[in-house]
Amino acid sequence: MPSLDIAKVEKDWSARGFSCGLWVDPPGQVWLDYTHQVAELLMVVEGKVELEIDGKTVTPQVGEEVFIPARALHTVRNVGGTTSRWLYGYRRSA
């Protein structure tokens, strides 16, 4: 499987008005019930991450973008048994 081009994702997200950062979680890490005042994008780079967004659970594949609406209650879980790495970006203010 080809590796994800993080620089390309960062450029795309920036053009769409989002920041881009890399997050690294140990096995079993859970970020429970978060909300943000702005929309968020998330993309798995490595590992297996499960997201729950307003009660709906998704398990995105590496390279699959997930949109989290502003003020949506969401949880992120590293469910893969290994370190997970994922990109996150917040919509910038106009």
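Above: the structure in question.
About the cut-offs
- Residues numbered from 1 in each chain as written.
- Predicted model: local features only at pLDDT ≥ 70, side-chain atom pairs only at ≥ 80, totals over all residues.
- Heavy atoms only, no water.
- Core = buried A, V, L, I, M, F, W, Y, C linked by side-chain atoms within 4.5 Å.
- Buried < 20%, exposed > 50% of the residue type's maximum accessible area, 1.4 Å probe, protein only.
- Helix = DSSP H or I, 4+ residues; strand = E, 2+ residues; numbered from the N terminus.
- Contact = heavy atoms within 4.5 Å.
- Pairing = 2+ DSSP bridges.
- Axes fitted to C-alpha atoms, helices over the stretch in contact; angles between N-to-C directions.

Asks: How would you explain the nonpolar core if you had to name every residue and give the values?
Replies: Membership of the largest hydrophobic core is limited to 10 residues, which are Leu42, Val44, Val49, Leu51, Ile53, Val66, Ile68, Ala72, Val76 and Trp86. Elements that contribute at least two residues to this core include exactly strand S3 (40-46), strand S4 (49-53) and strand S6 (65-68). Ranked by the residues each element gives to this core, the list is headed by S4, at 3 residues. For tryptophan 86, the residues in contact, after removing those within four places along its chain, are Gly21, Leu22, Trp23, Asp25, Trp31, Leu42, Met43, Val44, Val45, Val49 and Val76.

Asks: I'd like a rundown of the environment of glycine 28, residues and numbers included.
Replies: Note on placement: glycine 28 falls in the loop between strand S1 (21-25) and strand S2 (30-34). In this structure the C-alpha to C-alpha distance between glycine 28 and lysine 48, which are 20 residues apart in sequence, comes to 10 Å.

Asks: Can you lay out the sheet that holds S6 for me, pointing to particular residues and giving the numbers?
Replies: If you walk across this open sheet you meet the 4 strands as S1-S8-S3-S6, and the pairing is antiparallel. Single-partner strands in this sheet number two, and they are S1 and S6. Sheet twist, expressed as the mean angle between neighbouring strand axes with direction ignored, is 30°. Relative to strand S8 (residues 84-90), S1 runs antiparallel, the two sharing 5 bridges. Paired with glycine 21 across the two strands is tyrosine 88, which belongs to S8.

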